[in-house]
Amino acid sequence: MDYINRLDHFDGPAVGEIAVGSELFEEAYFIYKKFDLHVPAIKVLLENLGSIERAHEYATKVEEKECWSELAKAQLAGGNIKDAITSYIRADDESNRDSVIAEAKKSDSYEDLVKYLKMVRSKVKEASVDTELAYAYAKIGELGHLEEFIVSTPGINLQSVGDRCFDEGIFEASKIIFTSLSNWGRLASTLVKLTQYQAAVDAARKANSSKTWKEVCFACVEQEEYRLAQLCGLSIIVNADDLEDVSEFYQGRGKNEELIALMEAGLGLERSHMGIFTELGILYAKYKLDKLMEHLKLFSNKINIPKLIRVCEEQMHWKALSFLYVQYDEYDNAANVMMNHSPEAWEHVAFKDVAVKVSNADLFYKAITFYLDEHPLLLCDLLAVLSSRIDHSRVVDVMRKREHLPLVKPYLLSVQQSNLVAVNEAVNDLLIEEHDFEGLRNSIETYDNFDQLQLATRIEKHDIMEFRRIATLIYKKSLRWKQSMQLSVDDKLYKDAMETAAQSGEPELAEELLKGFIADGNKECFAACLYTCYDLIKPDIALQLAWMNGMTDHAMPYMIQVMRDQTSKIDLLMAERAERKKEAEKTDDDSSNSQQSNMYAQMLPPALPSPMQYQQQQQAGMYNANGYNQQQQFQQ
C-alpha cells in the first residue's frame, strides 16, 4: 500500500489485475482508484470486497453511468429492488429490463417500477414495456394516468392487462380496460364484481352470450335482484341446453317461487320449447302439486313424458304417474316401480313373479341390492328363483362389496355344484370365518375349482389346528409334499407327516423326516416312521442312523420285519424253484409214457368199419372180396 501511495510511474491496470489475482483487493481498489479506472474499482468493491455501501459512495462520487449500472446489477442480485431501480435510472440503463420487471413484480414494487418503465420508454419503444407500464398503473391505482396512457398508446396488449387485473381483483382498472376494448362479456363480469347489476345487464345484452347472461343472472339471484335476474333468465331459458343450469342454480339456493315465475313467463315467449313446459311441470311436481294435473292435461303434447315420469316417481305422485305411465306396460318398469316405491308397491311373491320375466339382466343385481337394503331375510328366496338367470360370480362380488356374504350362505351352498371359482372361494371364506373345519374339508374335497395354494397359505397359520391340517391336505392335493410334511411337523402331527411322506413316494422326504425325529430325540416317532415309510427307507440307511444315534432298539422291529420279508422272499423263491423242478420231472415222465403209448398204437390193427361204412367203402372199391382194405392191409 505504501508503494501504491508513493509511486506514480507504473502500469496501474496490470498491477491492479495482479493484485486481484493475489487477493489483495484493497490494494487493487486503491490502484484502480488512483488511475481513475472507475469501473474496475467498483467491480472490486462489489465482486471481491462485497461492499455495496462503499460501491454506492464511490458511484455517487464519480457519477459515471457504467458505475451506476454495475451497482444496479449487484443491488438487483441482492434483492434490493428499490435501490437497484434508482441506480438503473441514474445509469440510464435499460438493458436488464426483463430481470428488473420480474424482480419488481416479486417484491410488489410497482411504484418504483413505474419510474423505471418511464425511463425505459424514453429509450425503446416496445409493446411489452407499454403493457407492463399499464399494468403497473393499475396496480398502484393511478386510474387517471392509466386511462390517459391507454388512449395515447395504441400498442398495449390491453386484453392481457385486463385479464390480469380481473384475476387479481383490480376491478376498477378492468372496467376501464374492457370498456376501451368493447369487450362486453368481460365488462359484464367486471360490473358484477363491482355490484353494478343494472349496468351489467346492459353489458350482457350487448354481449348477447349465454355464458354472460348466466353469470349476470346468477349474480342477481345471489343479491336478490329478482327482476333483473328474470330479465336475464328469459334470454337463457330459450336455449334448451342452458335451461337445466338455470333451474339447478335457482333450486340449489331455494329460490323456487322465483324460478316458477320465470318459467311461467317463458311459456308466452315466441321461442318457447318443450324444455320450458317440461321444466315447469317438474317444478309443479316438486313445489306446487295443486297445479300439476292441470298443467299435464293442458300441455301433455308439449312435455317430455318420460322425464316427468321419473320426477313423479321421485316425488311419489302416484296419480300423476298413472296418468303419464299408461302406455308403459313392461316388466322392467314394473320391477323398477316396485323397488323405487316399496312401501306401497312391493310385495314379495308378486316381485318374484316379475323378476323372473325382466329382460334387463342388470335389474337382477339391482333387485339383489334392493332386497339387501330393505328385505335381507328374503334375499335367499329371491336368489333361489333367479338362480338360473343370474351370474353367480357377480352376485358374490356384490355381496363381498357390501360385506354381507354370510347372509346368502344357503344360496351359495345350493349353487356350489356349478363348481365356480368365485362361489367356491366365497363358501370357503365363510366356513373359515365360522370355524367350520369339517365343512371346509368337505368343500375342498368335493369342489376343487379354487385357488388352492392361496387358501393353503391363508389357513396354514390359523389358530385352530384342524384348519392347519386342512392346509396340509391342500398341499398334498397339489403335490407339494414337503410343505405339507413340514406343516405337520411344526404342529407335531407326526402321524400326518409320516403319512404324507409315505404317500409322496419320495425316499429323500422320508429320510429327511427320519433325520428330523433323530435330531429331536423322538425315538418313538423314529420307530413309527420306519414302519409307516417302510417301502421308502432302505435298510442300510435305517440301520446306520439307528446305530449312530443310539436307537438300535427302536429300529429293531423294523429290522426284524426286513429280515422276515427277506426270509419270506427267499422261502418263496426256494418253493418256486422246487415246484419248477417237480414240474420238469413230471413233464419228462409224461413225455416217456406218451412215446411208449404211441409205439403200442402203431402195433395195433386198424379198427374195422361199421356195416354202413363198410358198404360205402366197398362200393367205392376200397375193399377186396375178403373184406380187407386194399390200401391198409394188416402187416404181420
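This is a predicted model, so every value here is computed, not measured.

### Notes on the overall build of the protein chain
Piece 1. Per the secondary structure count, the protein chain includes 41 helices and 0 strands.
Piece 2. Counting all 636 residues of the protein chain, 40% fall into the buried class.
Piece 3. Partitioning the contacts of the protein chain with sequence separation of at least 6, the portion at a separation of at least 24 is 50%.
Piece 4. Accessible area of the protein chain: about 35800 Å², with a carbon and sulfur share of 50%.

### Topic: the side chain of Gln251
Piece 1. For Gln251, the location among the structural elements is in helix H18 (residues 240-252).
Piece 2. A polar atom in the side chain of Gln251 sits 2.8 Å from the side chain of Tyr287.
Piece 3. Setting aside chain neighbours within four positions, we find Gln251 in contact with Asn256, Leu259, Glu279, Leu283, Lys286 and Tyr287.

### A closer look at the layout of surface pockets
One water molecule sets the probe size; rolling that probe over the atoms shows where empty space is left.
Piece 1. Estimates place the volume of the second largest pocket at around 180 Å³.
Piece 2. If you trace the second largest pocket, you find it lined by Glu244, Ser247, Glu248, Gln251, Glu279, Ile282, Lys286, Lys307, Arg310, Val311 and Glu314.
Piece 3. Its residues placed into classes, the lining of the second largest pocket shows 2 nonpolar, 2 polar and 7 charged.

### Topic: helix H28 (residues 379-386)
Piece 1. Of the positions making up H28, those classed as buried are Leu379, Leu382, Leu383 and Leu386. Taken down its axis, H28 places every buried residue within 100° of arc, on the same side.
Piece 2. Against the buried residues of H28 lie helix H26 (348-355), helix H27 (362-374), helix H29 (392-402) and helix H30 (409-415).

### Some details on empty space enclosed by the protein
Piece 1. Following the criterion strictly, the structure yields 1 cavity of 30 Å³ or more and no others.
Piece 2. Of the voids in this model, the largest cavity is the one considered here, and its volume is about 40 Å³.
Piece 3. As for the largest cavity, its lining consists of Ala335, Met339, Phe351, Ala355, Val358, Leu363, Phe364 and Ala367.
Piece 4. Classifying every residue of the lining of the largest cavity gives 8 nonpolar, no polar and no charged.

### Points about the packing of aromatic side chains
Piece 1. Applying the stated criterion across every chain, the model contains 5 aromatic pairs.
Piece 2. With 5.5 Å between their ring centres and 75° between their planes, Phe166 and Phe171 make a pair best called edge-to-face. Phe171 shares its class with Phe166; the two are buried.
Piece 3. When the ring of Trp346 is compared with that of Tyr371, the centres are 5.9 Å apart and the planes differ by 75°; the resulting orientation is edge-to-face. Remark: Tyr371 occurs in helix H27 and Trp346 occurs in the loop between helix H25 (342-345) and H26; sequence separation between them is 25 residues. Tyr371 carries the same exposure label as Trp346, and that label is buried.
Piece 4. Three or more aromatic residues joined by ring pairs make a cluster, and in this case those are Trp346, Phe370 and Tyr371.
Piece 5. The cationic tip of Arg186 hangs over the ring face of Phe166; the distance from NZ or CZ to the ring centre is 4.5 Å.

### Observations regarding the nonpolar core
Piece 1. In this structure, Val216, Cys217, Tyr250, Met263, Leu296 and Leu324 are the most contacted members of the largest nonpolar core, which totals 50 residues.
Piece 2. The residues touching Met263, leaving out its near neighbours within four places in the chain, are Ile237, Leu243, Ile276, Glu279, Leu280 and Leu283.
Piece 3. Formed by 39 residues, the second largest nonpolar core is a distinct cluster that contains Leu383, Ile390, Val395 and Met399.

### So, the environment of Leu543
Piece 1. Structurally, the position occupied by Leu543 is in helix H39 (residues 539-548).
Piece 2. Among the residues examined, Leu543 registers a relative accessible area of 40% and is labelled partly exposed.
Piece 3. With 13 residues separating them in the primary sequence, Leu543 and Met556 have C-alpha atoms 8.7 Å apart.

### So, the packing of helix H17 (residues 226-236) against helix H19 (residues 256-266)
Piece 1. Close contact between H17 and H19 brings their axes to 10 Å; oriented N to C, the two are set at 45°. Judged by the inter-axis angle, H17 sits oblique to H19. Note that H17 runs across H19; the crossing there is right-handed. Listed contacts from H19 to Tyr226, Gln230, Gly233 and Leu234 of H17 are Glu258, Leu262, Ala265 and Gly266.
Piece 2. Of the residues assigned to the contact of H17 with H19, the class counts are 4 nonpolar, 3 polar and 1 charged.

### Details of the environment of Ile52
Piece 1. Relative to the helices and strands, Ile52 resides in helix H5 (residues 52-62).
Piece 2. Classification of Ile52 as partly exposed rests on a relative accessible area of 32%.

### Quick word on the pattern of salt bridges
Piece 1. One pass over the structure, following the stated rule, counts 10 salt bridges.
Piece 2. In this structure, Asp202 and Arg205 form a salt bridge, with 3.3 Å as the shortest nitrogen-oxygen distance. With a gap of 3 residues between them, Asp202 and Arg205 both fall in helix H15 (residues 197-207), about one helical turn apart.
Piece 3. On the basis of relative accessible area, Asp202 is assigned to the partly exposed category, the value being 32%.
Piece 4. Residues Asp373 and Arg402 are paired through a salt bridge, measuring 2.3 Å at the closest nitrogen-oxygen approach.

### Side note on the packing of H15 against H17
Piece 1. The contact between H15 and H17 brings their axes to 11 Å, and the two run at 10°. Classed by the angle they form, the pair H15 and H17 counts as roughly parallel. Contact residues: Tyr197, Gln198 and Val201 in H15; Arg227, Leu228 and Cys232 in H17.
Piece 2. Looking at the contact of H15 with H17 residue by residue, the class counts come to 4 nonpolar, 1 polar and 1 charged.

### Structural notes on the confidence of the model for the protein chain
Low-pLDDT portions of the prediction should not be read for the details of their coordinates.
Piece 1. Averaged over every residue, the pLDDT of the protein chain is 76; the share at 70 or more is 75%.
Piece 2. Model confidence for the protein chain, summarised as mean pLDDT per element, is weakest for helix H41 (residues 611-619) at 54 and strongest for helix H20 (residues 274-287) at 91.
Piece 3. Note that residues 622-636 has pLDDT below 50 and, in this model, 17 contacts with residues that lie over four places away or in other chains.

### Remarks on the environment of Val398
Piece 1. With respect to the helices and strands, the residue Val398 is situated in helix H29.
Piece 2. Taking relative accessible area as the criterion, Val398 reaches 17% and is therefore assigned buried.
Piece 3. With 29 residues separating them in the primary sequence, Val398 and Thr369 have C-alpha atoms 8.0 Å apart.

### Some points on unusual backbone geometry
Excluding glycine, residues mostly have negative phi values, and the peptide bonds linking residues are mostly trans.
Piece 1. Here the phi dihedral of Asn208 falls at roughly 50°; this positive angle occurs in a residue that is not glycine.
Piece 2. Positionally, Asn208 belongs in the loop between H15 and helix H16 (210-222).
Piece 3. Positioned with a positive phi, Glu403 is a non-glycine residue whose angle comes to about 60°.
Piece 4. Here Glu403 is to be found in the loop between H29 and H30.
Piece 5. The class for Glu403 is exposed, based on a relative accessible area of 68%.

Rules behind the numbers
The residue numbering used here restarts from 1 in each chain and proceeds along that chain's sequence as written. With pLDDT at 70 or above as the cut-off, local features in this predicted model cover only qualifying residues; side-chain atom pairs require 80 or more to be listed or tallied, and sums for whole chains, interfaces and linings still use all residues. Where side-chain values are given, they derive from all heavy atoms of the structure, hydrogens and water being excluded. Put simply, DSSP H or I for four residues or longer makes a helix, DSSP E for two residues or longer makes a strand, and each gets a number counted from the N terminus. Each residue gets one of three labels from its accessible area relative to the maximum for its type: buried under 20%, exposed over 50%, partly exposed in between, using a 1.4 Å probe on protein chains only. Here, residues are in contact when the closest pair of their heavy atoms is within 4.5 Å. Accessible areas in this description were obtained via Shrake-Rupley with a 1.4 Å probe; residue shielding takes into account the shown protein chains only. Think of a polar contact as two N or O atoms within 3.5 Å of one another; within protein, one of them needs to be a possible hydrogen donor and the other a possible acceptor, and neighboring residues in sequence only count if both atoms come from side chains. Points on a 1 Å grid over protein atoms alone make up a cavity when a 1.4 Å probe fits among them but cannot get out, and a pocket when they form an open set with protein on both sides within 12 Å along at least five of seven lines; lining residues each have an atom within 4 Å of a point. Grid points are joined across faces, edges and corners, and a volume is the space filled by probe spheres set on the points. Amino acids are sorted into nonpolar (Ala, Val, Leu, Ile, Met, Phe, Trp, Tyr, Cys and Pro), charged (Asp, Glu, Lys and Arg) and polar (every other residue, Gly among them). The reported arc concerns the directions from the helix axis to the C-beta atoms and nothing else. In this scheme Phe, Tyr and Trp rings, the latter by its six-membered ring, pair at centre separations within 6.5 Å, and the angle between planes marks the pair as stacked below 30 degrees, edge-to-face above 60, and tilted otherwise. Look at NZ for Lys and CZ for Arg. If either is within 6 Å of the ring centre and within 35 degrees of the ring normal, a charge sits over the ring. By convention a nonpolar core is built from buried Ala, Val, Leu, Ile, Met, Phe, Trp, Tyr and Cys residues, the set being connected through side-chain atoms within 4.5 Å. Only the stretch in contact is used when a helix axis is fitted, and all axes are lines through C-alpha atoms; the angle between N-to-C directions ranges over 0 to 180 degrees. Roughly parallel means an angle under 35 degrees; roughly antiparallel, over 145; roughly perpendicular, 65 to 115; everything else is oblique. Here a crossing is called left-handed whenever its near helix is offset anticlockwise from the far helix by less than a right angle, and right-handed whenever the offset is clockwise. Throughout this description, the term salt bridge denotes a Lys or Arg side-chain nitrogen within 4 Å of a carboxyl oxygen of Asp or Glu. In predicted models, pLDDT denotes the confidence assigned by the predictor to each residue on a 0 to 100 scale.

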